[in-house]
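# Structural overview for review
In case you want the letters, here they are:
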Amino acid sequence: MLIRATLLFLTALFTLGCEGEGVYRRTSHGWIWVTWNEGNGRQETSIPKAHSATFHPLDRAQYYAADSEHVYRCGEIIPGANPESFVHVKDAWWKDRHAVYWQQFRIDGADPATFMPLQHYGWAKDKHQGYQGDHPIPVHDPASFVSINEDWARDSKAYYVDNFTSEVKGADYATFQILKGRYAKDRNHIYYGNRPIKGADYETFRPVNAFWAKDRFRSYIGEEVRKN
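Criteria and cut-off values
- Residues numbered from 1 in each chain as written.
- Predicted model: local features only at pLDDT ≥ 70, side-chain atom pairs only at ≥ 80, totals over all residues.
- Heavy atoms only, no water.
- Pairing = 2+ DSSP bridges.
- Helix = DSSP H or I, 4+ residues; strand = E, 2+ residues; numbered from the N terminus.
- Axes fitted to C-alpha atoms, helices over the stretch in contact; angles between N-to-C directions.
- Patch = residues over 30% accessible without salt bridge, like charges linked within 9 Å, V, L, I, M, F, W, Y side chains within 5 Å.
- Areas by Shrake-Rupley, 256 points an atom, 1.4 Å probe, with all protein chains shown as cover.
- Salt bridge = Lys/Arg side-chain N within 4 Å of Asp/Glu carboxyl O.
- Buried < 20%, exposed > 50% of the residue type's maximum accessible area, 1.4 Å probe, protein only.
- Core = buried A, V, L, I, M, F, W, Y, C linked by side-chain atoms within 4.5 Å.
- Contact = heavy atoms within 4.5 Å.

Spatially, the three strands line up as an open sheet ordered β1-β2-β3, and their pairing is antiparallel. Of all the strands in the sheet, the pair left with one neighbour each is β1 (21-27) and β3 (41-46). Shown here is a sheet whose adjacent strand axes are inclined to one another by a mean of 25 degrees, direction ignored. Alignment of strand β2 (residues 30-37) against β3, held across six bridges, turns out to be antiparallel. Considered in β3, the bridge of Trp 33 is made with Thr 45.

Dropping the structure here:
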C-alpha cells in the first residue's frame, strides 16, 4: 500500500499539473488552454464557454481562471463554483461563498466560513469535522483536531491516519505512539494505519523505514507478513 508521500507526489505530478504544464492564452477566436508534455508535445484546447472580456487567470501557475460566469481548472469548468467569491485557501484547497474545493472537487458538507487548513499538507477542518484532501473525516472533537505530520492527525479523544481516513478505533489514547510512516503502537498493539498487525512481537517490533518493519520472527511490508 502506498504511503502518503508517494500519493502526494503523484497528485502533484498528474493532478495539480493537469497532466502537463499549461497556460491560458487569448487568441483571435477566444481563450485556449495550452499544455506541453513529452508524450504529446504542445496541445491547444479551446474553452468555448469562456467570456473573453472578463476571463482571467486566478493563480500564478495558471491552473485556475474565472470569467463573469464560470470558474475553470486547466480549461475545464468547475461545476457550481462561484466566480465572484472563488479564492485560494492553501495548497490545493479553494473556496467560494457556498462551498470548499480540493482541486476541482467540491467537498460535500464542508463549511467555507469555518474551513481552515492545518499545519501539514492535506489536513484541514471546519466546525463540523476534519478533512484529508477532499475526504471528510468524522472526528470526535473538531475544535481540538490538529495534524501531527503528513500521515497522522489527532483530536482530544482519538488518532486518525491519512488515506485510511479514519480513526484508529480501540487504541489506547494515553499510550499511543507514532513510530515511522503509518507504523504506530499503544500499550496493547502494534498498528499499521488504523489496523493492528496480528501476531507482531511487541517487544522486538521495529520499523526499518516507512514501508518496512521487523520483529524477531518476521518482516512486514506495510501490514503484510514476510518471513525473515
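As a further point, take a nonpolar patch on the surface. A contiguous nonpolar surface patch, about 320 Å² in accessible area, is contributed by Val 208, Phe 211, Trp 212 and Ile 221. Within the fold, Trp 212 resides in strand β25 (residues 212-214). The class for Trp 212 is partly exposed, based on a relative accessible area of 31%.

Strand order in the open sheet formed by four strands is β20-β21-β22-β23, and the pairing between neighbours is antiparallel. On the outer flanks of this sheet lie β20 (177-178) and β23 (195-196), each paired with one strand and no other. Two strands pair when backbone bridges link them, and β20 and strand β21 (residues 183-185) are joined in this way by two bridges, in the antiparallel orientation. The residue of β21 that forms the bridge with Gln 177 is Lys 185.

By size, the foremost hydrophobic cluster in this structure holds 19 residues, and its most contacted members are Tyr 24, Ile 47, Phe 55, Tyr 72, Ile 78 and Phe 86. Within the residue set of this core, elements represented by two or more residues are β2, β5 (64-66) and β6 (71-73). The dominant element in this core, judged by the number of residues it contributes, is β5, at three residues. If sequence neighbours within four positions are ignored, Phe 55 has contacts with Tyr 24, Trp 31, Ile 47, Ala 50, Ala 65, Ala 66, Asp 67 and Tyr 72. Membership of the second largest hydrophobic core comes to 16 residues, among which are Trp 152, Phe 176, Tyr 191 and Ala 213.

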